[in-house]
Amino acid sequence: MKKVAVIMGSDSDLPVVQKAIDTLSSFGVPYEVHVYSAHRTPEQAKNFSENARKNGFGAIICAAGMAAHLAGAVAANTTLPVVGIPIQSRQIGGMDALLSTVQMPSGIPVATVAIDGAANAALLCIQILAVEDAALAEKLDAKRAADAAKVLEKDRSIAEQWNR
Ligand code: RP5
């Protein structure tokens, strides 16, 4: 199976990014985790991106906050799918990173999830890998069914309390 790269602009992003790592783990998808910054270590970010396909990756998650250029900088140097996670900032609440990540110029796409949407970033990468992997697609179906069952149980509980 192809690996998923999980790259964050700073180790201060890890508390959010952890959900992506946990989600990949729960599906048994192989991954690597790195800290590369578009601004502080641009050469390393470029080198990783240029070699990602030949190093066995199938998708790349990039998490960054504030002037969040990491996902775009990585996408500029690979044609692998890049999923951006805008990280919430103390100063502007994540709108800074959301707009920096989502507003890519035509030709260099970044699939941007919600602010701090790390679990969905991982699920999107798993869905990309599952296009060619029936066993992985089955695991995705099972998770959807389990998630739906949890919501139905909540509905039963709420309905019991209020609908007399
Ligand atoms: C971004 O700047 C990082 O992704 C992080 O979200 C933010 C702050 O980084 P630190 O100053 O905490 O290292 O590049």
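Heads up: the structure comes first, above all this text.
Thresholds, definitions, all that
Residues numbered from 1 in each chain as written. Predicted model: local features only at pLDDT ≥ 70, side-chain atom pairs only at ≥ 80, totals over all residues. Heavy atoms only, no water. Helix = DSSP H or I, 4+ residues; strand = E, 2+ residues; numbered from the N terminus. Contact = heavy atoms within 4.5 Å. Areas by Shrake-Rupley, 256 points an atom, 1.4 Å probe, with all protein chains shown as cover. Lys, Arg positive; Asp, Glu negative; His and termini not counted. Charge placed at Lys NZ, Arg CZ, Asp CG, Glu CD. Core = buried A, V, L, I, M, F, W, Y, C linked by side-chain atoms within 4.5 Å. Buried < 20%, exposed > 50% of the residue type's maximum accessible area, 1.4 Å probe, protein only. Salt bridge = Lys/Arg side-chain N within 4 Å of Asp/Glu carboxyl O. Pairing = 2+ DSSP bridges. Axes fitted to C-alpha atoms, helices over the stretch in contact; angles between N-to-C directions. Left-handed = near helix turned anticlockwise from the far one by under 90°. Nonpolar A, V, L, I, M, F, W, Y, C, P; charged D, E, K, R; others polar.

> Explain the overall build of the protein to me, please; I cannot follow it from the model alone.
Regarding its fold elements, the protein presents 6 helices and 5 strands. In the protein, of all internal contacts separated by at least 6 residues, the share reaching a separation of at least 24 is 66%. A total accessible area of about 9,200 Å² is found for the protein, and carbon and sulfur atoms account for 55% of it. With 15 positive and 16 negative side-chain charges, the protein shows a spacing of 1 Å between the two charge centroids.

> Explain the nonpolar core to me, please; I cannot follow it from the model alone.
In a soluble, globular protein the nonpolar side chains are often hidden away together inside. Val29, Ile61, Ile85 and Ile126 are the most contacted members of the largest nonpolar core, which has 27 residues in total. Secondary-structure elements contributing two or more residues to this core are β1 (3-8), α1 (14-26), β3 (57-65), β4 (82-87), α5 (118-130) and α6 (134-162). If we skip the residues at most four places from it in the chain, Ile126 touches Thr23, Leu24, Phe27, Val29, Leu136 and Leu140. Grouped together as the second largest cluster of nonpolar side chains are 20 residues, Ala5, Ile7, Ala52 and Ala71 included.

> Teacher, can you tell me more about the pattern of salt bridges here?
A side chain with one charge may pair with a side chain of the opposite charge, provided their charged atoms come close. Per the counting criterion, the structure on display carries 5 salt bridges. Between Lys3 and Glu32 there is a salt bridge; the shortest N-O distance is 3.1 Å. In this pair, Lys3 sits in strand β1 while Glu32 sits in strand β2 (residues 31-35), placing the two residues 29 residues apart along the sequence. Its relative accessible area of 27% is what places Glu32 among the partly exposed residues.

> Got a minute to help me understand the sheet that holds β3 in this structure?
Working definition: the strands of a sheet are paired by backbone hydrogen bonds and lie parallel or antiparallel to each other. Within the open sheet, the 5 strands sit side by side as β2-β1-β3-β4-β5. Their pairing is parallel. The outermost strands of the open sheet, each flanked by one partner alone, are β2 and β5 (111-112). In this sheet, β2 lies alongside β1 in parallel orientation, the contact comprising 5 bridges. Its bridge partner lying in β2, Ala5 is registered against Glu32. With respect to the sheet, helix α4 (residues 95-102) is in contact with β3, β4 and β5, its orientation differing from that of β4 by roughly 160°.

> Explain the packing of α1 against α5 here, please?
Each pair of packed helices can be described by the angle between their axes along with the distance between the axes. Closest axis-to-axis distance for the α1/α5 pair is 7 Å, and the angle between their directions is 35°. Here α1 runs over α5; the crossing is right-handed. On α5, the residues touching Val16, Val17, Lys19, Ala20, Thr23 and Leu24 of α1 are Ala118, Ala119, Ala122, Leu123 and Ile126. Its residues placed into classes, the contact of α1 with α5 shows 9 nonpolar, 1 polar and 1 charged.

> How do you make sense of unusual backbone geometry when you look at a structure like this?
Apart from glycine, the bulk of residues carry a negative phi angle, and the bulk of peptide bonds sit in the trans form. The phi torsion at Met66 lies on the positive side, around 60°, for a residue other than glycine. Residue placement: Met66 occurs in the loop between β3 and α3 (70-75). Look at Asp116: it is not a glycine, yet its phi comes out positive at around 65°. Among the structural elements, Asp116 can be located in the loop between β5 and α5. Taking relative accessible area as the criterion, Asp116 reaches 23% and is therefore assigned partly exposed.

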